[in-house]
Amino acid sequence: MDIGSDKKVSWLKIPDESNPALGLRGARVSLERKGIFKTQIRALLRAGVYGNLKIMFPMIAAMEELEEALKIVEQVKDDLREAGYSINENVPVGMMMEVPSAALAADDFAQKVDFFSIGSNDLIQYTMAMDRGNERVAYLYQPFNPAILRLVRMIIDAGKKHDIPVSVCGEIAADPLSAIVLLGMEIDELSMSSQSISVIKKIIRNVTFDEAKETVAQIMTMENGTKIYDYLRTKYDDRFGIYF
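Every value quoted in this text rests on a predicted model; they were computed, and no experiment measured them.

Procedures and definitions
- Residues numbered from 1 in each chain as written.
- Predicted model: local features only at pLDDT ≥ 70, side-chain atom pairs only at ≥ 80, totals over all residues.
- Heavy atoms only, no water.
- Pairing = 2+ DSSP bridges.
- Helix = DSSP H or I, 4+ residues; strand = E, 2+ residues; numbered from the N terminus.
- Contact = heavy atoms within 4.5 Å.
- Axes fitted to C-alpha atoms, helices over the stretch in contact; angles between N-to-C directions.
- Buried < 20%, exposed > 50% of the residue type's maximum accessible area, 1.4 Å probe, protein only.
- 1 Å grid on protein atoms, 1.4 Å probe; cavity = no way out; pocket = protein on both sides within 12 Å on 5 of 7 lines; lining within 4 Å.
- Points joined across faces, edges and corners; volume = space filled by probe spheres on them.
- Nonpolar A, V, L, I, M, F, W, Y, C, P; charged D, E, K, R; others polar.

Explanation requested: the sheet that holds strand 1 (residues 55-57) in the structure shown.
Strand pairing in a sheet is mediated by backbone hydrogen bonds. Such pairs are either parallel or antiparallel. Strand order in the open sheet formed by five strands is 1-2-3-4-5, and the pairing between neighbours is parallel. Edge positions in the sheet fall to strand 1 and strand 5 (189-190), since each of these pairs with one other strand and no more. Across three bridges, the pairing between strand 1 and strand 2 (residues 93-97) is parallel. Each bridged residue has a counterpart across the sheet, and for Ile-55 the counterpart in strand 2 is Val-93. This element, helix 3 (residues 63-82), spans strand 1 and strand 2 of the sheet and lies at about 150° to strand 1.

Right, here's the structure in full:
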């Protein structure tokens, strides 16, 4: 479960926090409430026998958190085997990459999990030190800020190096210009709402891989997120301007 901050659940009775976005949320809740966490893992492992299922830990910021979560998964597997239940022994286990500390250590994390999913909304929020619900600092929500682009590329490169797939979810996955950039960075998968699929499909079908890579090479030399955005809009306006 990905609970906390803007995703509140009354029955968990998480105490009010002065800064919930930096407090008890995501995997932190699961690791504090281990009884609930183990129940979820048990259910997932048993359900995995009947279909295609993956387990993903949200809001991992430190290796200690990931290692503790993986240890609990193995403990639950042992308990289920001893109880005589059938389980899927090979359920892929991955993690959300939405905290700068995780992105910077992507090479280490990639050796521990089966896949990454980049949570772009939170990655931007935490990297830019801005509350995405605060209109007064909304100008800092910059998907094309060089720092964001470097972190995303770092995550994707770590996935390629260790042969694990990398997907991206959040607003940038459904943004036409971002899709071109992500394509050029060799992202494996984009996760978006159904109404965005046709537009992004059109973009991807009309931009060659080599062109996307050349575009990425060009913008990675630039130091200003606004200028990068303007460059991309100008370059692709004739073909896709209706979608910007």
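In this structure, what is going on with the pairing of strand 4 (residues 166-169)? I would like to understand it.
Every regular strand shows the same layout, with side chains that alternate between the two sheet faces. Neither face of strand 4 is open: one carries Val-166 and Val-168, the other Ser-167 and Cys-169, and all of them are buried. One ladder, built from four bridges, connects strand 3 (residues 115-119) with strand 4; its direction is parallel. Each bridged residue has a counterpart across the sheet, and for Ile-118 the counterpart in strand 4 is Val-168. Note: strand 4 against strand 5, two bridges, orientation parallel. Opposite Ser-167, over in strand 5, you have Glu-189 as the bridge partner.

When you look at the layout of surface pockets in this model, what are you seeing that I'm missing?
Space left empty within the atom packing is revealed by a probe, the size of a water molecule, rolled over the atoms. In this structure, the second largest pocket spans a volume of roughly 160 Å³. The set of elements that each furnish at least two residues to the lining of the second largest pocket consists of helix 1 (27-32), helix 2 (34-47) and strand 1. Of all the elements, helix 2 adds the most residues to the lining of the second largest pocket, at four residues. Here the residues of the lining of the second largest pocket sort into 11 nonpolar, two polar and one charged.

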